[in-house]
Amino acid sequence: MIVIMAKESSPAELEGVKNRIESHPGLRPQVFDGVERIVVGVLGSIPPDLKDEIELLPGVIEVVPISKPYKLASREFHPDNSRVVVNGVVIGGPEPVIMAGPCSVEDEEQMVSTAKAVKAAGAQILRGGAFKPRSSPYSFRGMGIEGLELLKTAKQETGLPIITEVMAVEDVETVAKYADILQIGARNMQNYNLLDAVGELKKPVMVKRGLAASYEEWLLAAEYVMAGGNDQVILCERGVRGFEQFTRFTMDVAAIPVIQRLSHLPIVADPSHSTGKWYLVTPVALAAVAAGAHGLLIEVHPNPDIAKCDGPQSLTFANFSALMEQVHAVAGVRKVPAQV
Ligand code: PEP
Ligand code: MN
């Protein structure tokens, strides 16, 4: 349920609404101060008469029940698109935002050269994994804090903000010192303690879709982060498990318009992990942009043949530049509805 209040409501009126919500055991108010109105989300199991009770309070314009199990992430709660702003870069606006870089941070030369190349080609955000979730415990699992330091160096050299994955609750504080966006990987999408932990941050969080997660499960993962008070959430479609073995996962392009219908959160696409093959990255990236994606997450490596992780799906600098030209061409002709 959401309580819509006039923007000019007095602090006492807002307090009155919050107190009334809190007077019901198990209910919690969450206030979002919008441009045109104040919205108070009521979190918890809603008693039947609450709507009538709250509608009478001063300052309240309307009380709207939310039918979806995810509330704060739903389009019902927030009819306009949300925008997440990272160092001046707007994710969720009409222009697709490109996040690019290697799968894993390997060394300074690799990181800085990639950062410079992707920036020159038009990427606005630098990716690189320092804590790597790997299917095999014997694979390269990332450089950890040393990797975060190299991301910092690459940021200092280029000015590009950083997106990097956090895998464990105990690393959230450290990763948040380096990252401009914290990434929750597909395998951790239902790690509820981790979602709670990043929900306490005041920093953007990108929640990748779990390998076999439904839209509802995915949006509920976003809801965890938002219920903690962090409304800077971005979603990322990265392919789901299907029966086909040729591609690494199966890119669900329809997820992009579906999520835009169900939620106000920005959604980006990852054609690298979904396909697993470098020559499929560009066509799938273009399909995602045409479908309305607010951005792309793309793996780029100076020398994919010797990459410590995900070389087969990584683009060379030249291929990334070629992709960028086409992305802008497709983005130029699409019409992303401001509101679905
Ligand atoms: C990644 O983006 O580095 C990654 C591991 O992706 P995913 O969690 O989608 O597999
Ligand atoms: Mn990877």
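Counting from 1, residues in each chain are numbered in the order their sequence is written. All chains are assigned letters beginning at A, and all ligands numbers beginning at 1, according to the order in which they are written. For this predicted model, a pLDDT threshold of at least 70 governs which residues receive local features, and a threshold of 80 or more governs which side-chain atom pairs are given and counted, while totals over whole chains, interfaces and linings are taken from all residues. Neither water nor hydrogens contribute to the side-chain values; these are computed over all heavy atoms in the structure.

Draft legend 1. Highlighting the site of ligand 1. We define proximity as follows: a residue is near a molecule or strand when any one of its heavy atoms falls within 4 Å of that partner. Every residue close to ligand 1 is listed here: Arg-127, Lys-132, Pro-133, Glu-165, Gln-183, Gly-185, Ala-186, Arg-187, Lys-208, Arg-238 and His-273. We call two N or O atoms a polar contact when they sit within 3.5 Å, provided that within protein one can donate a hydrogen and the other can accept it, with sequence-adjacent residues counted only if both atoms are side-chain atoms. Within the side chain of Arg-187, an N or O atom sits 2.8 Å from an oxygen atom of ligand 1. In this structure, Arg-238 approaches ligand 1 through a side-chain N or O atom, which is 2.6 Å from an oxygen atom. Contact with the protein chains hides 97% of the accessible area of ligand 1, taken as 290 Å² for the molecule alone. A pocket here means an open set of points on a 1 Å grid, computed over the protein atoms alone, that has protein on both sides within 12 Å along at least five of seven lines. A cavity is instead a set of points where a 1.4 Å probe fits but cannot get out; residues with an atom within 4 Å of a point line either one. Criterion for pocket placement: a molecule counts as inside a cavity or pocket if more than half of its atoms are within 2 Å of its grid points. Judged by the fraction of its atoms near the pocket grid, ligand 1 is located in the second largest pocket. Along the lines of polarity and charge, the residues of the shell around ligand 1 split into 2 nonpolar, 3 polar and 6 charged. Exposure was quantified through the Shrake-Rupley algorithm and a 1.4 Å probe, taking into account, for residues, occlusion by the shown protein chains and nothing else. When residues are grouped by polarity, Ala, Val, Leu, Ile, Met, Phe, Trp, Tyr, Cys and Pro land in nonpolar, Asp, Glu, Lys and Arg in charged, and all others, Gly among them, in polar.

Draft legend 2. Representation of the side chain of Gln-110. Locating Gln-110 in the fold gives a position in helix H3 (residues 108-121). For Gln-110, a relative accessible area of 4% translates into the label buried. In what follows, a contact means two residues having at least one pair of non-hydrogen atoms within 4.5 Å. With near-sequence residues (within four places) excluded, Gln-110 lies in contact with Pro-102, Ser-104, Val-105, His-301 and Pro-302. For helices the rule is a DSSP run of H or I covering at least 4 residues; for strands it is a run of E covering at least 2, with both sets numbered from the N terminus onward. For each residue, the accessible area found with a 1.4 Å probe, counting protein chains only, is set against the maximum for its type, and the residue is called buried under 20%, exposed over 50%, and partly exposed in between.

Draft legend 3. Seen up close, the pattern of salt bridges. Salt-bridge detection follows one rule: a side-chain nitrogen of Lys or Arg within 4 Å of a carboxyl oxygen of Asp or Glu. Tallying each qualifying case throughout the model produces 12 salt bridges. For Arg-127, the salt bridge is made with Glu-299, and the minimal N-O distance between the two is 3.4 Å. Taken together, the residues Arg-127 in strand S8 (residues 125-127) and Glu-299 in strand S14 (residues 295-299) connect sequence positions 172 residues apart. Look at Arg-127 and you get buried, because its relative accessible area is 4%. On the accessibility criterion, Glu-299 (1% relative accessible area) is buried. Asp-252 serves as the salt-bridge partner of Arg-209, at 2.9 Å between the closest nitrogen and oxygen. Taken as a pair, Arg-209 in the loop between strand S11 (205-208) and helix H7 (215-227) and Asp-252 in the loop between strand S12 (233-237) and helix H8 (255-262) lie far apart in primary sequence, 43 residues in all. Each member of the pair, Arg-209 as well as Asp-252, is classed as buried. Connected via shared salt-bridge partners are Arg-209, Glu-237 and Asp-252.

Draft legend 4. Up close: the nonpolar core. Ranked by internal contacts, the top residues of the largest apolar core, which has 76 residues, are Val-198, Val-207, Leu-235, Leu-296, Ile-298 and Phe-320. Excluding residues that lie within four positions of it along the chain, Phe-320 makes contacts with Ile-98, Ala-100, Val-118, Ala-121, Ala-123, Ile-298, Val-300 and Leu-315. Throughout this description, the term nonpolar core refers to a set of buried Ala, Val, Leu, Ile, Met, Phe, Trp, Tyr and Cys residues connected via side-chain atoms within 4.5 Å.

Draft legend 5. Up close: the environment of Lys-132. With respect to the helices and strands, the residue Lys-132 is situated in the loop between S8 and helix H4 (145-158). Owing to a relative accessible area of 8%, Lys-132 belongs among the buried residues under this scheme. C-alpha separation for the pair Lys-132 and Leu-72, spaced 60 residues apart in sequence, amounts to 30 Å. When neighbours within four sequence positions are excluded, Lys-132 is seen to be in contact with Cys-103, Ser-104, Arg-127, Phe-140, Arg-141, Gly-142, Met-167 and Cys-309.

Draft legend 6. Looking closely at unusual backbone geometry. The backbone of Asn-87 sits at a positive phi, close to 45 degrees, despite the residue not being glycine. Secondary-structure assignment places Asn-87 in the loop between strand S5 (84-86) and strand S6 (89-91). The phi dihedral of Asp-310 is positive, around 60 degrees, even though this residue is not glycine. Position of Asp-310 among the secondary structure elements: in the loop between S14 and helix H11 (317-333).

Draft legend 7. Structural view of the domain arrangement of the protein. As annotated, the domain borders come from an automatic or database domain assignment. When its domains are assigned, the protein resolves into domain 1 (2-64) and domain 2 (84-333). Facing 4 residues of domain 1, the contacting portion of domain 2 comprises 5 residues. Accessible area that two parts lose when put together, with a 1.4 Å probe and added across both, is what the buried area reports. Both faces combined, the contact of domain 1 with domain 2 buries some 290 Å², and carbon together with sulfur accounts for 48% of it. Applying the counting criterion to the domain 1 and domain 2 interface returns 0 salt bridges. Counting every contact that joins domain 1 to domain 2 gives 2 residue pairs in polar contact (both at pLDDT 80 or more). If one sorts the elements of the side of domain 1 that touches domain 2 by residue count, strand S2 (residues 28-33) sits on top with 3 residues. Residues that form the side of domain 1 that touches domain 2 fall into these classes: 2 nonpolar, 1 polar and 1 charged.

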